[in-house]
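Notes for the structure review
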Amino acid sequence: MSIKSSIVDIHTHVYPPSYINLLKARKSIPYIISVPDSESLRLVILPAEDTESTSRGRPVGAEYYDTNEKIKFMDLHSIDISVISLANPWLDWATPEEAGQAAKDINDEVDAECGKFPGRLFAFATLPLSGGKEVVVKEIQRLKELKYMRGIVLGTTGLGKGLDDPELLPIFETLQEAKLPIFLHPHYGLPSSVWGERSNDYGHVLPLALGFPMETTIAVTRMILASVFEKVPDLEMILAHSGGTLPFLAGRIESCIEHDGHLKAEGKLGNGRKTVRDILKKNIFLDAVIYGDVGLKAAIQASGEDRVLFGTDHPFFPPLVEDGGKWASVETNYEGIKGALGSHTDGAEAALGGNAVRILNLNV
Ligand code: URA
Ligand code: ZN
């Protein structure tokens, strides 16, 4: 297997067994419930899916927690390397007392799972955010002892006040120093009032297709407005779902900044400011989980061919009728890369794996 042509999936999740047990013990989201008249357990994680209907969560089987299933899925889809991350909502809900130990346990467990398949699995670590910033910084510093960790996965709430919270700066600085990129992933979407009275009739479509990308876009825009990328200039972020709508809206966001009288009066439009475009090309990488060449072309134009990274979102978006064959959701992302970058071109090879190997140092 030549590393240059490796296919790398950087957006792929697990809920390790210890996390599944934590969810089984809970009585409100995120939790795992058994549903009357159904054999399977259901995982309920999104506020919008905790309703008395067929869209209450999703069946949760071994593909969610067993790394052997991850490897089978990788083999079926010609994926050489996966960089696995705990799926949402991570430990956002943990009490301050339990967060630190739970993060240690999960990170150790995930690292050990990677060690069972050397060279095929790496991981983004989980942070004990509710434990407070000292506990978080300590866990980041401990990550260098874990052989397979290549960054951290983060939601948009930070310590509870969003990612523009100045209290997060020491955490961002520690990540910058440790050269660990943030894989930023949505969970909370938009307030359910946005989806209207009939939203229960529409399954998970509105929160997943629109709520998730807007959440990511808003979170990063707030970081830009809070000058996070000037204060922590080498902070690196990989944005899920090709940055939500950030590539498409970058020009409009930049124009609104440039025309804002309040920002001008506060002296925030001076020389040292990084533009949205600067940040997209210096601090941000975008995954290619956008299911189409038009969105992917926007991502490439915004950040560059050398900054987009293939992903699958496994085990989410399985075929509704399982036949053991390839997943349409994965094939669509392969097609999107082919449509935007061609087949077997340098750009396509880079997006499929070369960029990930370089950015995440997987060439070991
Ligand atoms: N739904 C989720 O809750 N998370 C994902 O990553 C994808 C779909
Ligand atoms: Zn995901």
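Structure: see above.
Let me sum up the structure you'll find in this document. These numbers come from a predicted model, not from an experiment.

Describing the overall build of the protein
Broken down by element type, the protein carries 13 helices and eleven strands. Projected onto its principal axes, the C-alpha coordinates of the protein cover approximately 60 × 45 × 45 Å. The buried share of the protein, reckoned over its 364 residues, is 52%. Approximately 16,300 Å² of the protein is accessible, and the part contributed by carbon and sulfur atoms is 54%.

Structural notes on the pattern of salt bridges
Taken as a whole and judged by the stated rule, the model has 13 salt bridges. Residue Arg142 is joined to Glu139 by a salt bridge in which the shortest nitrogen-to-oxygen separation is 2.9 Å. Placement of both Arg142 and Glu139 in helix H4 (residues 133-142) is noted, with a separation of three residues, approximately one turn of the helix. Neither residue differs from the other here; Arg142 and Glu139 are each classed as buried. Note that Lys282 is salt-bridged to Asp234, the shortest N-O span being 2.8 Å. In this pair, Lys282 sits in helix H10 (residues 276-282) while Asp234 sits in the loop between helix H7 (228-231) and strand E9 (237-239), placing the two residues 48 residues apart along the sequence.

Thoughts on the nonpolar core
Tyr15, Phe172, Leu175, Ile182, Leu235, Ile337 and Leu362 are the most contacted members of the largest nonpolar core, which totals 107 residues. Those residues within four positions of Leu175 in sequence are excluded, and the remaining contacts are Ile140, Ile152, Leu180, Ile182 and Leu235.

Brief notes about the sheet that holds strand E2 (residues 31-34)
Strands sit in the order E2-E3-E4 across an open sheet of three strands; the sheet is antiparallel. Pairing within the sheet leaves two strands with one partner each, and these edge strands are E2 and strand E4 (58-59). Strand direction decides the pairing type here: E2 and strand E3 (residues 41-44), joined by four bridges, are antiparallel. Each residue of the ladder has a partner; that of Ile32, found in E3, is Leu43. In the packing of helix H1 (residues 17-24) onto the sheet, contacts are made with E2 and E3, and the angle to E2 comes to roughly 65°.

Some thoughts on the site of ligand 1
Near ligand 1 you find His13, Ile45, Arg58, Asn88, His185, Leu208, Phe212, Asp313, Phe316 and Phe317, and these make up its full shell. Between a nitrogen atom of ligand 1 and a side-chain N or O atom of Asn88, the distance comes to 2.9 Å. Taking Asp313, its side chain carries an N or O atom lying 2.9 Å from an oxygen atom of ligand 1. Taken together, the residues that form the shell around ligand 1 break down as five nonpolar, three polar and two charged.

Some details on the sheet that holds strand E8 (residues 182-184)
A sheet is described by the order of its strands in space; here eight strands give the open sequence E1-E5-E6-E7-E8-E9-E10-E11, paired in parallel fashion. Of all strands in the sheet, those with a lone pairing partner are strand E1 (8-14) and strand E11 (308-309), marking the two edges. As paired strands, strand E5 (residues 81-86) and strand E6 (residues 121-126) are joined by four bridges and run parallel to one another. Within E6, the residue paired with Ser82 across the bridge is Leu121. Packed onto the sheet, helix H3 (residues 96-115) meets E5, E6 and strand E7 (149-154) and runs at close to 175° relative to E6. This element, helix H6 (residues 205-225), spans E8, E9 and strand E10 (284-287) of the sheet and lies at about 155° to E9.

So, the packing of aromatic side chains
Between two aromatic rings, the relevant description is the distance of the centres plus the angle of the planes. Taken as a whole and assessed by the stated rule, the structure comprises nine aromatic pairs. Consider the rings of Phe73 and Trp327, whose centres lie 5.0 Å apart with planes at 70°: the pair is edge-to-face. Here the residue Phe73 occupies a position in helix H2 (residues 67-76), and Trp327 occupies one in the loop between E11 and helix H12 (328-341), the gap between them amounting to 254 residues. For Phe73, a relative accessible area of 5% puts it in the buried group. Ring geometry for Tyr291 versus Phe317: centroids 6.3 Å apart, planes at 70°, classification edge-to-face. Within this pair, whereas Tyr291 is found in the loop between E10 and helix H11 (293-303), its partner Phe317 is found in the loop between E11 and H12, the two being separated by 26 residues in sequence. What makes Phe317 partly exposed here is its relative accessible area of 37%. One Lys or Arg, Arg307, reaches over the ring of Phe285 and ends 4.2 Å from the middle of that ring.

As for H3
Taking 1.5 Å as the rise per residue, H3 with 20 residues should run 28 Å; its terminal C-alpha atoms sit 30 Å apart, in good agreement. Residues of H3 that are buried: Ala99, Gly100, Ala102, Ala103, Ile106, Asn107, Val110, Asp111, Glu113 and Cys114. Lining the buried residues of H3 we find H1, H2, E5, E6, H4 and E7.

Here we look at the coordination of the zinc ion (ligand 2)
Coordination of the zinc ion (ligand 2) by the protein comes from His11 (NE2), His13 (NE2), His185 (NE2) and Asp313 (OD), over a distance range of 2.1 to 2.2 Å. Here the donor residues of the zinc ion (ligand 2) share one chain and are spaced in sequence as H-x1-H-x171-H-x127-D. With His13 in strand E1 and His185 in the loop between E8 and H6, the pair connects residues that are 172 residues apart, well separated along the chain. With relative accessibility at 1%, the residue His13 sits in the buried group. Since its relative accessible area comes to 2%, His185 is described here as buried.

Side note on H2
Among all positions in H2, only Thr67, Lys70, Ile71, Phe73 and Met74 are buried. Angular distribution of buried residues about the axis of H2 spans 160°; they occupy a single face of the element. Residues of H2 that are buried sit in contact with E1, E5, H3, E6 and H12. Positioned one or two residues after H2, Ser78 has a phi angle of 60°, which is positive.

Cut-off values and rules
- Residues numbered from 1 in each chain as written.
- Chains lettered and ligands numbered in written order.
- Predicted model: local features only at pLDDT ≥ 70, side-chain atom pairs only at ≥ 80, totals over all residues.
- Heavy atoms only, no water.
- Helix = DSSP H or I, 4+ residues; strand = E, 2+ residues; numbered from the N terminus.
- Buried < 20%, exposed > 50% of the residue type's maximum accessible area, 1.4 Å probe, protein only.
- Areas by Shrake-Rupley, 256 points an atom, 1.4 Å probe, with all protein chains shown as cover.
- Salt bridge = Lys/Arg side-chain N within 4 Å of Asp/Glu carboxyl O.
- Core = buried A, V, L, I, M, F, W, Y, C linked by side-chain atoms within 4.5 Å.
- Contact = heavy atoms within 4.5 Å.
- Pairing = 2+ DSSP bridges.
- Axes fitted to C-alpha atoms, helices over the stretch in contact; angles between N-to-C directions.
- Near = heavy atom within 4 Å.
- Polar contact = N/O pair within 3.5 Å; in protein donor to acceptor, adjacent residues only side chain to side chain.
- Nonpolar A, V, L, I, M, F, W, Y, C, P; charged D, E, K, R; others polar.
- Phe/Tyr/Trp six-rings, centres within 6.5 Å; stacked < 30°, edge-to-face > 60°.
- Lys NZ or Arg CZ within 6 Å of the ring centre and 35° of its normal.
- Expected span 1.5 Å × (residues − 1).
- Donors = N, O, S within 2.8 Å, 3.2 Å for Na, K, Ca; no water.
- Arc of directions from axis to C-beta.

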